[in-house]
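Next come the chains, spelled out residue by residue.
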Protein chains: 2
Amino acid sequence: MIALLERASRDDASLVVFPELAFTTFFPRWAMDDAELLSYFERDMPSAQTQALFDRARELKIGFHVGYAELTPDGKRYNTAIVVGRDGSVLAKYRKVHLPGTTEPKPGLQYQQLEKRYFRYGDLGFEAFRAPEDLGSAIMGVLICNDRRWPEAWRVLGLKGVELVCCGYNSAAYDPYGRKSEDQALRTFHSTLVAQANAYMNSTFAVCVAKAGVEDGAGLIGGSVIVDPNGRIVGQATTLEDEAITAEIDLDLCRHGKEKMFDFAQHRRIDAYGLIAQQVGVVPPA
Amino acid sequence: MIALLERASRDDASLVVFPELAFTTFFPRWAMDDAELLSYFERDMPSAQTQALFDRARELKIGFHVGYAELTPDGKRYNTAIVVGRDGSVLAKYRKVHLPGTTEPKPGLQYQQLEKRYFRYGDLGFEAFRAPEDLGSAIMGVLICNDRRWPEAWRVLGLKGVELVCCGYNSAAYDPYGRKSEDQALRTFHSTLVAQANAYMNSTFAVCVAKAGVEDGAGLIGGSVIVDPNGRIVGQATTLEDEAITAEIDLDLCRHGKEKMFDFAQHRRIDAYGLIAQQVGVVPPA
């Protein structure tokens, strides 16, 4: 990660986006006991083991986003990401709201998806924050992995005027349910599609970053993208290896959408949206 | 339109989707007086002038979706679409919720966008309905044009289990505000992107149909698409001329998404969505 920071620094990056659970394997793919589980969690951030990353970023004057497994002082576990400023201060923390998978291990699966077992649902909502001047004073927000497939998450950030969304992910390259119908290409397509469309529909830049490749024997898709407020890809990873991709973010490009097509104050019709916040599951017509 | 019905019939179509305001020009591009305005509206549907379409569809046993300007008996104007069954009965009516444009003509524009002046906001919500057996008993919903850019509209239908969304549109090929930044290719890209992503995020088929080409001297984008519940394009118009494109809709393809990734009952977190239905415009962070 420090090597990638340094590579980005040579490209004059001011902000580096690392993926979800960047310091560990994607451990929710395994059923395990509490002692092993807790070994993946960070009680402090920075911790002794991660301090060097923070130090090097501050030396390089690069801000960064990173995801990790958070253990709170009172013993609660979250799938968390923070944004760190170019001066090393923590600007924002987000805890993943849309935890996929199951609470109980499913019999017969090669890989589990136990996020609902190992994490609590994020309790910080979808908050936007104003970045410091040395990050362009951007209105920023954070999503984590599966959140990016939920337009509600983007919209709450959109209602706060978000201009730059950071989203790290660990997305399986296989169908955890063993079906052949969702291959790696289709899953990467889905990941890119939701980044592009939700960026467009909220007139925001989005930086969606994969922990890619084979980890613990299990494949993760790549497909990291930097997307502009028109939904166009302006930076894209091309391999499943470590890459540092960069793009220039001109925040003024957010204005066209925010002031015309997606001028929310003019065009949103909340009287027709009530069900979205009232009804969880599907209620089909008679 | 009858010729297109007949062409679709030769391809064994059971449902034909015509675009928004299919019987008239896209008149909201012009400022006009009330007498001219009302000439574009239908007091009855079918009307004397549209009866032949209904008759031919019933003869061919083809259902259809069509958009038109609706004048109610008490003088209210709506941008409306209906779905007609293969037996000729009206199965559903929808009135456009997301009216774009302005109430007052904007000085200096070559083409206006006066939908907010000429129509009331739709008062029927986003309703899904169960189609008859001869249309596969699909759970269907209707959106109109600009609605397709608003994930809220799709999500309300998604919460009703929608499997097939019909959406006609008349989308300008030019930027009505005269900027060069949004050309025809970009506007078509946006149209396709939102159809694909919202279909995927709601595990539904979507049929989005353009009134394409030059009309009254003003360009309209094409890009009609039939999209599957994975967001993949399974049918696409390739010109700005009249085309009848067909695709086979296997409703079982909706199940994978609805039962796993987008199992709303398992995964939606409505406690974090409140703002969507409470706050209309943007409130930026301090």
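Worth saying up front: this structure is predicted, and the values here are computed from it rather than measured.

### Looking at helix α3 (residues 51-60) of chain B
Residue and element names in this part refer to chain B. For α3, the full list of buried residues reads L53, F54 and A57. What you see down the axis of α3 is that its buried residues fit within an arc of 100 degrees, all on one side. Contact partners of the buried residues in α3: α1 (2-10), β2 (63-71) and β3 (77-84). Remark: K61 follows α3 within two positions and exhibits a positive phi of approximately 55 degrees.

### Let's talk about the sheet that holds strand β6 (residues 139-144) of chain A
Residue and element names in this part refer to chain A. Read across the sheet, 6 strands follow the order β5-β6-β7-β8-β11-β12 without closing on themselves; strand pairing throughout is mixed. Looking at strand neighbours, the two that pair on one side only are β5 (128-130) and β12 (233-236), the edges of this open sheet. Strand-to-strand twist across the sheet, computed as the mean angle between neighbouring axes with direction ignored, equals 20 degrees. The sheet contact formed by strand β8 (residues 205-210) and strand β11 (residues 225-227) spans 3 bridges and is antiparallel. When the sheet's bridge partners are listed, C208 is paired in β11 with V225. Against the sheet, helix α5 (residues 151-158) makes contact with β5, β6, β7 (164-169) and β8, and its axis sits at roughly 165 degrees relative to β6, the strand it touches most. Contacts from helix α6 (residues 184-201) reach β7, β8, β11 and β12, with the element oriented near 20 degrees to β11.

### Points about the interface of chain B and chain A
The partner chain A presents 68 residues to the 68 residues of chain B that form the contact. Per-residue buried area on chain B facing chain A is highest for W150, I276 and V280 of chain B; these three make up 10% of the total on that side. For the interface between chain B and chain A, the tally reads 4 salt bridges. Seen at the junction of chain B and chain A, the total is 26 residue pairs in polar contact (both at pLDDT 80 or more). Put simply, the parts of the chain that give the side of chain B that touches chain A at least two residues each are β5 (128-130), α5 (151-158), α6 (184-201), α8 (264-267) and α9 (274-278) of chain B. Examining the composition of the side of chain B that touches chain A, we find that 10 residues originate from one element, α6 of chain B, more than from any other. Split by residue class, the side of chain B that touches chain A holds 36 nonpolar, 18 polar and 14 charged.

Criteria and cut-off values
Residues numbered from 1 in each chain as written. Chains lettered and ligands numbered in written order. Predicted model: local features only at pLDDT ≥ 70, side-chain atom pairs only at ≥ 80, totals over all residues. Heavy atoms only, no water. Buried < 20%, exposed > 50% of the residue type's maximum accessible area, 1.4 Å probe, protein only. Helix = DSSP H or I, 4+ residues; strand = E, 2+ residues; numbered from the N terminus. Arc of directions from axis to C-beta. Contact = heavy atoms within 4.5 Å. Pairing = 2+ DSSP bridges. Axes fitted to C-alpha atoms, helices over the stretch in contact; angles between N-to-C directions. Buried area = accessible area lost by both parts, 1.4 Å probe. Salt bridge = Lys/Arg side-chain N within 4 Å of Asp/Glu carboxyl O. Polar contact = N/O pair within 3.5 Å; in protein donor to acceptor, adjacent residues only side chain to side chain. Nonpolar A, V, L, I, M, F, W, Y, C, P; charged D, E, K, R; others polar.

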